[in-house]
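One-letter residues, chain by chain:
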Amino acid sequence: MNYKGNEQGFYGEFGGAFIPEMLYHNTNELKENYLQIINSKVFKKEFKDLLKEYVGRPTPLYYAKRLSKKYNTNIFLKREDLNHTGAHKINNTIGQILVAKQMGKQRIIAETGAGQHGVATATVCALMGLECIVYMGEVDIKRQAPNVARMKMLGAEVRPAISGSKTLKDATNEAIRDWIANPVDTYYLIGSVVGPHPYPDMVARFQSIISKEMLSQLQEKTGRDYPDKIIACVGGGSNAAGAFYHYLDNTKVELIAVEADGLGVATGKTAATTQVGSEGIIHGSKTLLMQNSEGQITEPYSISAGLDYPGVGPLHAHLFKTGRGKFIGATDKEALDAAFELTLLEGIIPALESAHALAVLKKITCKPDENIVVNLSGRGDKDMETYINRMD
Amino acid sequence: MKRTEELFRTKKNILNIYVTAGFPKLNDTVPIVQELVKNGVSMIEIGMPFSDPLADGPTIQHSSEVAIENGITLALIFKQIEEIRKTVTIPILMMGYYNQILQYGDKAFFEKAKAVGVDGFIIPDLPLAIYQEKYKQILQHLDLDFIFLITPQTTDDRIRLIDNESSGFLYIVSSFAITGSKSDIQQNQLDYFEHINKLNLKNPKLIGFGISNKKTFDTACKHAEGAIIGSAFIKALSKNNDLEGSVKAFVQSVI
Ligand SMILES: Cc1ncc(COP(=O)(O)O)c(C=O)c1O
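Enquirer: Teacher, can you tell me more about the overall build of chain B here?
Expert: Looking only at helices and strands, one finds 12 helices and 9 strands in chain B. For chain B, the C-alpha radius of gyration of 17 Å lies close to 18 Å, the compact-globule estimate for 255 residues. For chain B, the C-alpha atoms occupy an extent of roughly 45 × 40 × 35 Å along the three principal directions. Split into buried and exposed, the 255 residues of chain B put 62% on the buried side. Of the contacts made within chain B by residues no fewer than 6 positions apart, 72% connect residues no fewer than 24 positions apart. Split by element, the accessible area of chain B, about 10,200 Å² in all, is 49% carbon and sulfur. Measuring between centres, the 27 positive side-chain charges of chain B sit 4 Å from its 29 negative side-chain charges.

What follows is the structure, given as structure tokens:
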């Protein structure tokens, strides 16, 4: 089975580019150029150097001793929280900004939900001296004030998306509309493995550095270059795609994708797309999404803004449908419990998104001799308000 | 003969008006279309309100939200078109997004549309390649038009390819824009319209996006068989409660 997608960006029946003609030229220009650019010597060197010197890679694969003891197994944390700007998101923005520069683009646009991708985009734009416009739902702007301030300090313009539900899905719509209106000088820097081909493939390639490092780190620490299980949370699915990438074809590795159950799948207040969603088209990609019988896209809910998206990338839809990936949910409460547990056992405050991945340790059986990697996609600074409220 | 074919054979300066189904009130669609026809509009595009209309600007987005809130469904839109067809003989197109059609059931959607008297479709996010692979045959079999968009960035080769695959007319997107972007038509747009005319395409052309009043409509008619107005009309509907009066006043201000 091919899990990496074909030339037209199809993962099985999912993916593709379902876009209006106004975007044909833009996406085609990117499709024709991205592989050649990212496989060039110049790009590879610049990408590698920036990841090392600027982002701080490789990130450690940390053996979490007390957490392992508690679950009577071997748990390794892939420390994406230690990246510059505090999450895996910057692996992708470094890669795409280099592509944008190669293509001669002057103006960068992006969408953001929690603001993590917006901050990572504003950061690389400051680094490269490029104009940066970030679309963010009006509701999210209010919920994520510190990240809005960071983006502004980094020189980005934050434009509120005021249509629909005024959250991530609508910010993405606004970014796409901006791209339609400015097709010549503008590069759309997408934040996850979503959107029309070639974005899901390109973003997965940039995030694949996560599992690439795991190969040698696991070899060194366990004498084997693969673990028994990899656990990662899924919003759009980029950190999971990166953590799974080099193990997609190694069926000895169980791939566990964790979605946000929100208040519980049965309540309808959820972002667990594979559980409540169905096949359709969102943001130019055929995939699983949350919708009603009329095909109207519905509003997801999660305590974690980064998982609050009504779809998953086409790779994940394919992993779900073929059974290659195991999809499990964690509720708001389970994620909060897991965040406090990690903090007290290991002295690491995780992002709420990553806490969803940690929460499933309670829901799966792990043998004492097994090696489990949990992708710790980000740090919890941005979520302190939620954590403080919980302590009160 | 198809209604669209008949229209382009016999008429010039064609005005095609976009109407969001279920807006401003759920059951306004039928009287709006009847009034449009009474005042000389040549073609109607019935918008299927969608939650995430990527190609549309704020006016059509808003009208779609209101219509969904009002309770519009595809089943109801088909009923409304059936009602309209009792008296209206001009071409009627449906405009919407691919996800809506997939959820209804694609084949069932096209067959139902045919049965209620629809003449063709504009589905901006259904790409040419998928149309060729999955829908060309069934639409040809049902004798329905599928209308593609052409933009200032579409290459000549691709324009010819699209022309070859289209029936009804070609939708010429006037500029780099989503619907409802408004300004006067600039010289570079005129050059682009003329460039397309020189390609001697087999299909007639209607210009859309940014056509909002008599001035822009007249200009479009000099360079194509006619034009499509959407957002400007929807805005006019939102202004007051006299539905028929607003429709009449708007159409009379344009033609
Ligand atoms: C720390 C962190 N983890 C995970 C995600 C979810 O995104 P993805 O599924 O693309 O990794 C986000 C998104 O904002 C995030 O900030």
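Enquirer: Explain the site of the ligand here, please?
Expert: Residues and elements named next belong to chain A. If you check the shell around the ligand, you find 17 residues, and the closest are Ser192, Gly235, Gly237, Ser238 and Ser377. Within the backbone of Gly235, an N or O atom sits 2.7 Å from an oxygen atom of the ligand. Asn239 places a side-chain nitrogen or oxygen 2.8 Å from an oxygen atom of the ligand. Computed on the free molecule, the ligand has an accessible area of 390 Å², of which 97% lies beneath the protein chains in the complex. The cavity where the ligand resides is the largest cavity. Tallied by class, the residues present in the shell around the ligand amount to 4 nonpolar, 11 polar and 2 charged. A domain split of the shell around the ligand shows at least three residues from each of domain 1 (18–50 + 89–203) and domain 2 (56–87 + 208–391).

Enquirer: Sorry, what's going on with the sheet that holds strand 13 (residues 325–331) of chain A here?
Expert: Residues and elements named next belong to chain A. Strand order across the open sheet formed by 6 strands is 3-4-14-9-10-13, with mixed pairing between neighbours. Strands at the two margins of the open sheet, each flanked by one partner only, are strand 3 (61–63) and strand 13. Here the strands of the sheet are splayed against their neighbours by 25° on average, with no regard to which way each runs. Sheet strands touched by helix 10 (residues 209–222): strand 3, strand 4 (74–79), strand 9 (229–233) and strand 14 (371–376). Its angle to strand 4, the strand with the most contacts, is close to 140°. With respect to the sheet, helix 15 (residues 352–359) is in contact with strand 4, strand 9, strand 10 (254–262), strand 13 and strand 14, its orientation differing from that of strand 9 by roughly 145°.

Enquirer: Honestly, the nonpolar core in this entry has me stumped. Any pointers?
Expert: Counting residues in each nonpolar core, the largest one holds 188 residues, and the members touching the most others are A:Val99, A:Phe244, B:Leu36, B:Met94, B:Phe121, B:Tyr135 and B:Phe233. Inspection of this core shows a minimum of three residues originating in each of domain 1 (18–50 + 89–203) and domain 2 (56–87 + 208–391) of chain A. In this structure, B:Phe121 is in contact with B:Leu93, B:Met94, B:Phe109, B:Phe110, B:Ala113, B:Leu139, B:Leu144, B:Asp145, B:Phe146 and B:Ile147, ignoring residues within four places of it in sequence.

Enquirer: What should I look at first to understand the sheet that holds strand 7 (residues 170–173) of chain B in this one?
Expert: Two modes of strand pairing occur in sheets, parallel and antiparallel, and in both the strands are linked by backbone hydrogen bonds. All names here are of chain B. The strand order across the open sheet built from 9 strands is 5-4-3-2-1-9-8-7-6, with neighbouring strands paired in parallel fashion. Since the sheet does not close on itself, it has two edges, and those belong to strand 5 (145–146) and strand 6 (149–150), each with one partner. Note: strand 8 (residues 205–208) against strand 9 (residues 226–229), 2 bridges, orientation parallel. Bridge pairing in strand 9 links Leu206 to Gly226. The sheet contacts of helix 4 (residues 74–85) involve strand 2 (43–47) and strand 3 (92–95), and relative to strand 3 the element is tilted by about 165°.

Enquirer: What am I meant to see in the pairing of strand 11 (residues 278–282) of chain A here?
Expert: Consecutive residues of a regular strand have side chains that alternate between opposite faces of the sheet. Residue and element names in this part refer to chain A. Alignment of strand 11 against strand 12 (residues 285–289), held across 5 bridges, turns out to be antiparallel. Bridging across to strand 12, Ile281 finds its partner in Lys286. Hairpin connection from strand 11 to strand 12: 2 residues lie between these consecutive antiparallel strands, with His283 at a positive phi of about 45°.

Enquirer: Looking at this structure, how should I read the packing of aromatic side chains?
Expert: Centre-to-centre distance and the angle between the planes together describe a pair of aromatic rings. Within the structure shown, the criterion is met by 27 aromatic pairs over all chains. Ring geometry for A:Trp179 against A:Tyr188: centres 5.8 Å apart, planes inclined by 65°, an arrangement best described as edge-to-face. Taken individually, A:Trp179 and A:Tyr188 each receive the classification buried, so the pair is uniform in this respect. Between A:Phe340 and A:Tyr387, the aromatic rings sit 5.8 Å apart at their centres with planes inclined by 80°, giving edge-to-face as the arrangement. Highlighted residues: A:Phe340 in helix 14 (residues 332–346) and A:Tyr387 in helix 16 (residues 384–391), separated in sequence by 47 residues. Residue classification places A:Tyr387 among the buried residues on the basis of a relative accessible area of 4%. Feature note: the residues A:Phe10, A:Phe18, B:Phe78, B:Tyr98, B:Tyr104, B:Phe109, B:Phe110, B:Phe121 and B:Tyr135 constitute an aromatic cluster, connected by ring pairs. Between the NZ or CZ atom of A:Lys4 and the centre of the ring of A:Tyr245, over which it lies, the distance is 4.8 Å.

Enquirer: Help me out: how do you make sense of the side chain of B:Asp163 in this one?
Expert: If you trace the backbone, B:Asp163 turns up in helix 8 (residues 156–165). When neighbours within four sequence positions are excluded, B:Asp163 is seen to be in contact with B:Leu170, B:Leu201, B:Lys202 and B:Asn203.

Enquirer: Which parts of the structure should I look at to understand the packing of helix 3 (residues 58–70) of chain B against helix 11 (residues 231–239) of chain B?
Expert: Packed helices, taken two at a time, are described by the angle their axes make and the gap between the axes. Residue and element names in this part refer to chain B. At a minimum axis separation of 9 Å, helix 3 and helix 11 run at an interaxial angle of 55°. Judged by the inter-axis angle, helix 3 sits oblique to helix 11. As helix 3 runs across helix 11, the sense of the crossing is left-handed. Residue-level contacts link Thr59, Ile60 and Ser63 of helix 3 to Ser231, Ile234 and Lys235 of helix 11. When grouped by side-chain class, the residues that make up the contact of helix 3 with helix 11 number 2 nonpolar, 3 polar and 1 charged.

Enquirer: Honestly, the interface of chain A and chain B in this entry has me stumped. Any pointers?
Expert: The accessible area lost on association of the parts is a frequent measure of interface size. Taken together, the 32 residues of chain A in the interface contact 34 residues of chain B. Both sides together, the interface formed by chain A and chain B hides about 2,800 Å², and carbon and sulfur atoms give 55% of it. Across the chain A-chain B interface, the total number found is 2 salt bridges. Between A:Lys169 and B:Asp52 there is a salt bridge, and its shortest N-O distance comes to 3.0 Å. Taken together, the connections running from chain A to chain B amount to 17 residue pairs in polar contact (both at pLDDT 80 or more). Going through the elements one at a time, helix 1 (24–38), helix 8 (168–181), strand 11 and strand 12 of chain A are the ones with two or more residues in the side of chain A that touches chain B.

About the thresholds
Residues numbered from 1 in each chain as written. Chains lettered and ligands numbered in written order. Predicted model: local features only at pLDDT ≥ 70, side-chain atom pairs only at ≥ 80, totals over all residues. Heavy atoms only, no water. Helix = DSSP H or I, 4+ residues; strand = E, 2+ residues; numbered from the N terminus. Rg over C-alpha atoms; globule rule 2.2 N^0.38 Å. Buried < 20%, exposed > 50% of the residue type's maximum accessible area, 1.4 Å probe, protein only. Contact = heavy atoms within 4.5 Å. Areas by Shrake-Rupley, 256 points an atom, 1.4 Å probe, with all protein chains shown as cover. Lys, Arg positive; Asp, Glu negative; His and termini not counted. Charge placed at Lys NZ, Arg CZ, Asp CG, Glu CD. Near = heavy atom within 4 Å. Polar contact = N/O pair within 3.5 Å; in protein donor to acceptor, adjacent residues only side chain to side chain. 1 Å grid on protein atoms, 1.4 Å probe; cavity = no way out; pocket = protein on both sides within 12 Å on 5 of 7 lines; lining within 4 Å. Sits in = over half its atoms within 2 Å of the grid points. Nonpolar A, V, L, I, M, F, W, Y, C, P; charged D, E, K, R; others polar. Domains from an automatic or database assignment. Pairing = 2+ DSSP bridges. Axes fitted to C-alpha atoms, helices over the stretch in contact; angles between N-to-C directions. Core = buried A, V, L, I, M, F, W, Y, C linked by side-chain atoms within 4.5 Å. Phe/Tyr/Trp six-rings, centres within 6.5 Å; stacked < 30°, edge-to-face > 60°. Lys NZ or Arg CZ within 6 Å of the ring centre and 35° of its normal. Parallel < 35°, antiparallel > 145°, perpendicular 65-115°, else oblique. Left-handed = near helix turned anticlockwise from the far one by under 90°. Buried area = accessible area lost by both parts, 1.4 Å probe. Salt bridge = Lys/Arg side-chain N within 4 Å of Asp/Glu carboxyl O.

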